[in-house]
Structures are given as C-alpha cells and as structure tokens.
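# Structural overview
Letter by letter, the chains look like this.
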Amino acid sequence: MRLNLNEVQELVGGRLAGAAPEAWVRSYHTDSRQVLPDGLFFALRGQDHDGGEFVPDALRRGAAAAVTDADGEGPRLLVEDPWDALYALARAVLERVSPLVLGVTGSNGKTSTRQLMAAALDGSFRVHQTSGNLNTETGLPVTVLGLEPEHAALVLEMGMRAPGEIARLAALARPRVGVVTGIGSVHAEYFADGCDGIARAKAELLEALPPEGLAVVNADDAYFEVLRGRSAAPVLGFGLERGDLVGRDYEALADGCRFRVEDVTVRLRLRGRHQARNALAALGAARFAGVPLAEAADRLGQATGLEHRLQELPQSGGWTLVDDAYNASPESMEAAFEVLSERPRSGRRLALLGEMRELGALAADAHRRAGEAARLAFDEVAVLDVGWGRAMAEAAGARLLTDVESAAEWLRREVRPGDVVLLKASHGVGLYRLPALLEKERV
C-alpha cells in the first residue's frame, strides 16, 4: 500500500530523523539487496544478522527511509523494535483493506494450493497473494503490506520450521479460511517427535480460525482426525478417497488430469493425484467464499504449473526433462514418481536424483525407501553424491555423480529421443541449476 512517511510514523510510532514526512513509500523490504527506489527498509535483528548493518546499502539503493533502532546518517524512522514496527504496519494495512483472508500450510503442496486458491477466487474477487517464497515471519508481513484498497481477498502461504511460527503468522493475518494440505516429514529434523510434532505445528493455523470460518483439511491424510480436533471452525474434509468434497474418477491425461466433484468435471493442466487434491482444497475454500463450484473449476482449468515443480522442458534432442528440483521430501518424491509413471512417453523413464534434507532421524530410512522406489519406477537412475545421496543410490542400484556438471554429462551420454527424465532433489543440492546449464550448452 502506498503511504507517506508521516502516515507510517503515525501507524507504528517512533521518530522521523533526516526524512521528509511527505515522502511516499511504494514498496517494503527486509532484504537490502531487494530495495527499490522509494522503498521502506526494515532493519531487522535476527540470530545470524543485524539488519542495521545494511541500512547504508538500502539507502544507496534509493530507500525512502530505513526503519531502525539506531540513529545515523540518512533518512530513518527510529523505533524501539523494527520487528514490532513491521508487524504493526502490516496489521494496520490489513485493517484498512479488510479482505477475506485465506491461509494455507502443509508439508507439501502449499505453493501450488495457494496459487490454485487464488485462481479459483480470481474474477469474483480482486486477489492479492503470497509471491515467491515470502511465507515466513518476514515474508508474510511484507506480503500483507502489498495490499491495495481494491483487494477483496488475500491468500497467504504459511511456512514454518518450529512450533509457534504459524501461530505468530496467523495472529497477524487473522484468516477466516485455513487450509492444511497434509502432514509429511519435511523439517522433521526440527521436531523431536517427528510428524506428530509437525502436525501440531501445522494445526496452529486451524486453532486461529474463528467459529464462523472454515478449516479445509486433507481427509486422505493420516493426521486428518488429529487436525480436525484442533479447529473451532467447521471442518471440510477433501480427498480422492474420502471426505466431504471428494474427487472421483481420477484420470491421468496426456497434458494434465481430470476428475469429478459432485456434478462438475474438473480438468487440470497439472499432472498428478497430489495436484487433484490441491485443486479440491482450492474448490472448498472458493465455495466458502461464495464462488460456485463449476465457476471455480473452470478457472482452475486455466492454471499452469510453477518453475522447478514438475515443469516439463522439451529438449532439442527429442527428449523431455521434468524439472521438480525446487525441493524434495519423501512425500513429494513419491508424488513425482507417480506422475512419471502416469505420463505418456515413447522412450524410457530416467531419474536424476539428490538427497532430501532436514529429515533428522528419519533420513536413513527415507533415502533407502526412495531409492528402492526409484529402482522400480525408472529404467535408469543417477544420484548426486551429496549428503544422503550415496544411501539412496545404493538402494536404487544407481550411478553416483559428483556434481551438477557431471550430471549434465551423464544426460548427454544416456538420454535418447523419446525419453523422459525426472530431476528431483532438495534445493540445496543444486540440481535446479541443471536446466540452465543444458540451455547454456546449446547456445
């Protein structure tokens, strides 16, 4: 929202120093590298950094001012705590606009479900939604600050790594609709009791819902009953096997999938049962907002996939790279393998895999299971020798590769026209760089 510095100061308190009160703020940032001219930079203190050190950089990039607790040169809004100021300003903007707020969390599928929810609402509402990976304690308030008076719906993705994080985000956002896509082992490293702890943390979104709101929960998930018991709002279960909103007659298509919900046929340009479940969550949320089921389904049919998430990249040699290297968990590995098994092809199925991170005590068994599944699902498998990659490769009977460059070389040797190659690993492994490397080699 466009505000001047005087308005910002009135909303968060503090004192302007060296700044023009009438100066307009057009964007909001917590990373000085992303500051735009006339942006407002919040100099947040964290465990590993002090945002105050980056105030000069933000001002050099044209920031209207820095919100900081330390005096110095350049335009500043001096406050007691920049964190409190960030949340106070976001809360004030949210109250001014007063949109319908929908929150989504889950171990897998958050981003796809958030985009599908926004698509289902678009046309009935002016929608603002989380962009990129701004689903954290810094990203969510920055997303809220992007609201404009015309926005009638706000779709917020909520991530977490520890108990209490989603509760904090939900306390700011005050959602009326909360969606939990499912519980998996992502971030199990940070929870002593594994998925049980993850389920409790994800349920913080449901606990924040008002009685007149709606909890939308994956009824196919093993934690459905646990999650349902944590909501004071009515619960809508969705799934392909059970629930209040059930997708029936699922069918994989050459360019997506199709299923039926009540008397409506849903045709997606996205592949996989997991995407069908994500679409069901979006349909349930949209219907609560007043969008007819058929209308929402038609809008979902126009939705396209995300970069590095089962993104199909046809290659000049007549083969296809399926890039799913944004991140990885046991559950998303399983989903990706299933998608490749359904996908039509004239050649072989190959997989280029890497380790799944942040699994803690679950890591050894998870990588063994993923490797065994890959052995059955693919004609050829290669794995990057990073972290738990060796354990996965041993279970898969796969070739070990040293780095992304050697992975590109393996592809050049092994791939044939008509082949389909899955690329899947946690982001830190670096396999997401391979498509650009292949493109560069062709130039």
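Structure shown above.
The paragraphs below set out a description of the structure included in this document. Quick caveat: nothing in here was measured; it's all calculated off a predicted structure. (Residues numbered from 1 in each chain as written. Predicted model: local features only at pLDDT ≥ 70, side-chain atom pairs only at ≥ 80, totals over all residues. Heavy atoms only, no water.)

Broken down by element type, the protein carries 16 helices and 22 strands. Over its C-alpha trace the protein gives a radius of gyration of 23 Å, about what one expects of a compact globule, namely 22 Å for 443 residues. Oriented by its inertia axes, the alpha-carbon framework of the protein measures out at about 65 × 50 × 45 Å. Among the 443 residues that make up the protein, the fraction classed as buried is 56%. Long-range contacts, defined as pairs at least 24 residues apart, comprise 63% of the intrachain contacts of the protein with a sequence gap of at least 6. Split by element, the accessible area of the protein, about 18,600 Å² in all, is 46% carbon and sulfur. The average position of the 50 basic charges and that of the 63 acidic charges among the side chains of the protein differ by 4 Å. (Helix = DSSP H or I, 4+ residues; strand = E, 2+ residues; numbered from the N terminus. Rg over C-alpha atoms; globule rule 2.2 N^0.38 Å. Buried < 20%, exposed > 50% of the residue type's maximum accessible area, 1.4 Å probe, protein only. Contact = heavy atoms within 4.5 Å. Areas by Shrake-Rupley, 256 points an atom, 1.4 Å probe, with all protein chains shown as cover. Lys, Arg positive; Asp, Glu negative; His and termini not counted. Charge placed at Lys NZ, Arg CZ, Asp CG, Glu CD.)

This part is about the sheet that holds strand β9 (residues 127–129). Spatially, β9-β10-β8-β11-β12-β13-β14-β15-β16 is the arrangement adopted by the 9 strands of the open sheet, whose pairing is mixed. If you trace the sheet from one side to the other, it starts and ends with β9 and β16 (264–268), each paired once. Averaged over neighbouring strand pairs, the angle between their axes works out to 20° when direction is ignored. Strand direction decides the pairing type here: β9 and strand β10 (residues 153–157), joined by 3 bridges, are parallel. Paired with Q129 across the two strands is V155, which belongs to β10. (Pairing = 2+ DSSP bridges. Axes fitted to C-alpha atoms, helices over the stretch in contact; angles between N-to-C directions.)

Here we take up the nonpolar core. Counting residues in hydrophobic clusters, the biggest one holds 56 residues, and the most contacted among them are Y28, L40, F42, L89, V144, L145 and L227. Here this core gets 9 residues from one element, more than from any other, and that element is helix α3 (residues 82–97). Formed by 43 residues, the second largest nonpolar core is a distinct cluster that contains V155, L240, A289 and L300. (Core = buried A, V, L, I, M, F, W, Y, C linked by side-chain atoms within 4.5 Å.)

A word on the packing of helix α1 (residues 5–12) against α3. It is the contact of α1 with α3, at a shortest axis distance of 9 Å, that shows an interaxial angle of 105°. What the angle tells us is that α1 and α3 run roughly perpendicular. Along the contact surface, α1 presents E7, V8, L11 and V12, while α3 presents A85, A88, L89, A92 and R96. Per-class residue counts for the contact of α1 with α3 are 7 nonpolar, no polar and 2 charged. (Parallel < 35°, antiparallel > 145°, perpendicular 65-115°, else oblique. Nonpolar A, V, L, I, M, F, W, Y, C, P; charged D, E, K, R; others polar.)

Moving on, we get to the pattern of salt bridges. Working definition: two side chains of opposite charge can pair if their charged atoms are close together. Counted according to the given criterion, the structure contains 36 salt bridges. A salt bridge links R271 to E312; its shortest N-O distance comes to 2.7 Å. Within this pair, whereas R271 is found in the loop between β16 and α10 (273–288), its partner E312 is found in strand β17 (residues 311–314), the two being separated by 41 residues in sequence. Judged by relative accessible area, which is 16%, R271 ranks as buried. Since its relative accessible area comes to 28%, E312 is described here as partly exposed. Of the charged contacts in the structure, one is a salt bridge between R369 and D365, with a shortest N-O distance of 2.8 Å. Linking R369 with D365, this pair stays in helix α13 (residues 363–377), spanning 4 residues, or about one helical turn. The exposed category is assigned to R369, whose relative accessible area is 52%. (Salt bridge = Lys/Arg side-chain N within 4 Å of Asp/Glu carboxyl O.)

Attention now moves to helix α7 (residues 195–202). Three or more residues of α7 are buried, namely G197, I198, A199, A201 and K202. Along its buried surface, α7 packs onto β8 (100–105), α4 (110–121), α6 (165–173), β11 (177–180), α8 (204–207) and α9 (224–228).

The next point concerns the pairing of strand β22 (residues 420–424). Most of β22 is tucked away, with 5 of its 5 residues classed as buried. Burial along β22 is two-sided: V420, L422 and K424 facing one way and V421 and L423 facing the other are all buried. As paired strands, strand β18 (residues 320–324) and β22 are joined by 5 bridges and run parallel to one another. In the strand pairing of β22, L321 is matched with V421. Bridge count between strand β19 (residues 349–353) and β22: 5 bridges; the pairing is parallel. Bridge pairing in β22 links R349 to V420.

What follows covers the sheet that holds strand β6 (residues 65–68). As summarised here, the arrangement of the 5 strands in space is β2-β7-β6-β5-β4, forming an open sheet in which the pairing is mixed. Two strands close off the open sheet at either side, each with one partner strand: β2 (15–17) and β4 (27–29). On average, each strand axis in the sheet is inclined to that of its neighbour by 25°, with strand direction left out of account. Where α3 meets the sheet, it contacts β4, β5 (39–42) and β6, and its direction lies at approximately 135° from that of β5.

The phi torsion at S98 lies on the positive side, around 55°, for a residue other than glycine. Structurally, S98 can be placed in the loop between α3 and β8. Relative accessible area serves as the criterion here: at 57%, S98 is assigned to the exposed category.

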